[in-house]
Amino acid sequence: MCAVDALFDMPAEEAPVTPAAPTVPMSSAVAVYPLVPTRSFDDPFTYGLPDEFAADVAVGTIVEVPVGNAARVGIVAALDVTPPPGVTLKPVARIVDAPPVPAPLVRLAEWLADQYGCAKTMALALVVGPRFAAQARASAVPNRRRQQAVRRLVDDLRGSDLTKRQREIAERVPGAWTALAPLLERVGTTRGTIGKLAEAGVLAIEEQFLDELDSDAEGDGDLGADIVAAAKAAAAGGSLVELTKAQLDAVDRIWGEGEGEGDDLADDPATLLVGITGSGKTEVYLEAIARALADGKGAIVLVPEIALTPQTARRFLLRFPGIVEVLHSAMTKAQRAAAHERIARGEARVVVGPRSAVFAPVQPLGVLVVDEEHDGSYKQDSDPRYDARRVAYRRAVTEGARLVLGSATPRPESWHGIKRHVVMRERPGGGRLAPVELVDLRDHHDDYPLSTPVQDAIDATLRRGRKVIVLHNRRGYAVALHCRGCGHTFRCDKCDVSLVIHGHVARRQRLTCHHCGHDEQVPEQCPECRSSDIARMGAGTERIEALLSERWPSTPVHRLDADAVRTRGAVATILDAFNEPGPSILTGTQMVAKGHDFPDVELAVVVDADAALAIPDFRAEERAFSLVAQLAGRAGRSAATAEHAKVILQTWDPAHAFLSFARSHDVDGFLQRELRERKEHGFPPYSRMVRVLVSARSEGPRDQWATAIAQGMRQLDAGTVLGPARLLRINDRERAQVVVGTHRAVDVASAVRRFLKTTEADRRRADVRVVLDVDPQSLV
């Protein structure tokens, strides 16, 4: 194993050069990042720039360059570079026919790599677009061959002279060039029909050099197509909502048109929009975007997950028909590539999507919105582990855009760090925040998980023809299987966790590990003592669903959790079914607390409000409060349901502090208390945290490497070092972590980055994995 000194005092590295005998006239040189998946390519290489390319190359231009004996795609990082004397450079081979990466995004990727300690190529993969991003992780230049290709020229086909079938075919042709032959088979049409659409000016047919990716292009993904189709159908009759005074004031403040705020925006572009659930934050976003478009600029809207918020996506498509690109997880690589090129060409001026949409090539950028900014999904949980909220702030600052972070329950970091707060405390539709009641489970342990007060409230709500949401943040039917004879608990062989029971029917139930995916049938006897007295402990969403269906057999019961939405389009199907007129019940995990807007929901129930507090993490109370407050906001959102609207929290500890704030909807009070406690202990936002996670097949290598990293961190003297601390074994890998609380997060990340670069071969031989996570969202 390499010495701990690998963390420190590394000599400065000069930018590598590419020596070769020139074969073409070159009067200048450029710095290029080849998209090669290794930390050895963390700095740009210097190449000669042939004179024939000089006028067409700028920072962000995508080029093909020689790397060893292979051809690689790269991104131009700088022009007019001076190479070391006496070195002859290899030339840039060609300019790739693809939209360039905007120069601000190249600089953003470099910043991100420094902030989060990832390889530059991993950061650049985020901005180069789906067509080439995979090369930052694996392959060389895609195979290219000349073939007949087609692309759509017209986005909005309403009012055209095409037949219904012709419109259907045209809408399935992407805006980027795609191979004609496979498209004919996929769409089920003929060359003659495509030729007629080309004659009508709807499509274009040419011979093109196509990469393999382009041959796989398709229309919109399942969920995206559903959203787009619904929006287009309603667009003709859509009307603008008249904003309230509070909403108009909020938009004015976002754009610096409030009294004395114009100068502040020059230094800090961020506005924290704190609005109670149902206060109309989305309408504020829409109006802020409209002002950006009127100013000739574009917009990016980040949402936690499009699949969970189809209503939000539809509203943007309705308001700005024809210029919105919705990015979502159901899209294929080819669809993402076509969307990226449409954005880069300026055809889509408004982009709506999850965290990765923060890198969309919208130019110039006028406003960037982060909806539900408290949501933990904005932090990437795989390399590069960036926080989209922090990236959004950096991009807004460097590109002169407005940044809006909206939430009913903002993070303490945002509440403390953002100067400009805009608060909206009323619901335009006349609804009100529902009163919150507590049910002490110590008095109702015999009827857990649905206590008598909860059942009575559900009964009354359904009789009034209204809807109910029941949240329980545990998947499965039961959380553990336990033998009453000998005390044996069924655990995963590869992980230090109990197996979870899935399935309603006892004889078909399975034991599943939620970490490694291990799956086996529930046994009839205990393997240790052969007793058949086996108990199913606790309750998950599947059991809640079964209990609700059994208690109210004539009422539709829908379940929304990760297990229920494995098929594409399942989320929209479940939510649409729940939204059908008449009484119904929706149960599920935290998915049911996302930004759904159902005016007929009158009752919201949390089965176990204390569940999140069992996690040993300083953010546990913040998550518990946010989840309860977000679910509470689903009830009583219309004047019709406001009179009887109610939220019931079942709890084993009704005296807990966070519940008192939840009962009174006191977000300000909770955040002030949380900030006081974090300041006392030096937690964010009063410091930053860097987590280094080490895993190995056995305890020896794990402890050796984790100890070395901890010693190196202490030697760096950049803050408080905790660990190494052992963690649960997951998927047959022993784990440990080192956590640093610091005001020098970039220095710590840089030191670990150097360590990872110099020990790559040693770690591979020892089968040791080291993960660097700056600003982690969890410490377990």
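Note that the structure is predicted; figures quoted are calculated from it, not measured.

On inspection of all chains with the given rule, the structure shows 7 aromatic pairs. Relative to phenylalanine 598, the ring of phenylalanine 578 has its centre 5.1 Å away and its plane inclined at 90°; by these criteria the two rings are edge-to-face. You can see phenylalanine 578 sitting in helix H17 (residues 570-578) and its partner phenylalanine 598 sitting in the loop between strand E24 (584-588) and strand E25 (601-606), a full 20 residues away along the chain. Among the residues examined, phenylalanine 578 registers a relative accessible area of 0% and is labelled buried. Given a relative accessible area of 3%, phenylalanine 598 falls into the buried group. Connected via pairs of aromatic rings, a cluster forms that spans Phe625, Phe661 and Phe670. The ring centre of phenylalanine 578 lies 5.3 Å from the NZ or CZ of lysine 467, which sits over that ring.

Next up on the list: helix H1 (residues 103-116). Side chains of residues three or four places apart in an α-helix project in the same direction, reflecting 3.6 residues per turn. Over its 14 residues, H1 runs 20 Å from end to end, which matches the ideal 20 Å to within 8%, given 1.5 Å per residue. Among the residues of H1, Leu105, Val106, Leu108, Ala109, Glu110, Trp111, Leu112, Ala113, Gln115 and Tyr116 are the ones counted as buried. Backbone geometry just after H1 places glycine 117 at a positive phi near 65°.

All told, the structure shown has 47 salt bridges when counted by the stated rule. As a salt-bridge pair, glutamate 399 and arginine 395 come within 2.8 Å of each other at their nearest N and O atoms. Within this pair, glutamate 399 and its partner arginine 395 are both found in helix H13 (residues 388-399), separated by 4 residues, close to a single helical turn. Take glutamate 399: its relative accessible area is 17%, and that puts it in the buried class. Classification of arginine 395 as buried rests on a relative accessible area of 0%.

What follows covers helix H16 (residues 541-551). Every buried residue of H16 is listed here: Thr541, Glu542, Ile544, Glu545 and Leu548. All buried residues of H16 fall inside an arc of 160° around its axis, so they share one side. Contact partners of the buried residues in H16: helix H15 (452-463), strand E17 (467-471), strand E19 (500-502), strand E23 (557-560) and E24.

Cut-off values and rules
Throughout this description, residue numbers start from 1 for each chain and increase along the sequence as written. Only residues with pLDDT of at least 70 get local features here, since the model is predicted, and only at 80 or more are side-chain atom pairs given and counted; chain-wide, interface and lining totals rely on the full set of residues. Only heavy atoms go into the side-chain values, all of them from the structure, while hydrogens and water stay out. Side-chain rings of Phe, Tyr and Trp, where Trp is taken by its six-membered ring, are said to pair if the distance between their centres is within 6.5 Å; with planes under 30 degrees apart they count as stacked, over 60 as edge-to-face, and otherwise as tilted. Secondary structure is summarised from DSSP: a helix means a run of H or I of at least four residues, a strand means a run of E of at least two, and numbering begins at the N terminus for each. Whether a residue is buried, partly exposed or exposed follows from its accessible area with a 1.4 Å probe, protein chains only, as a fraction of its type maximum: under 20%, in between, or over 50%, in that order. A ring has a charge above it when a Lys NZ or an Arg CZ is no more than 6 Å from the ring centre and no more than 35 degrees off the ring normal. A helix's residues, less one, multiplied by 1.5 Å, set its expected span. Criterion for a salt bridge: a side-chain nitrogen of Lys or Arg within 4 Å of a carboxyl oxygen of Asp or Glu. Note that the arc is computed from the directions linking the helix axis to the C-beta atoms. Two residues form a contact once any of their heavy atoms are found within 4.5 Å.

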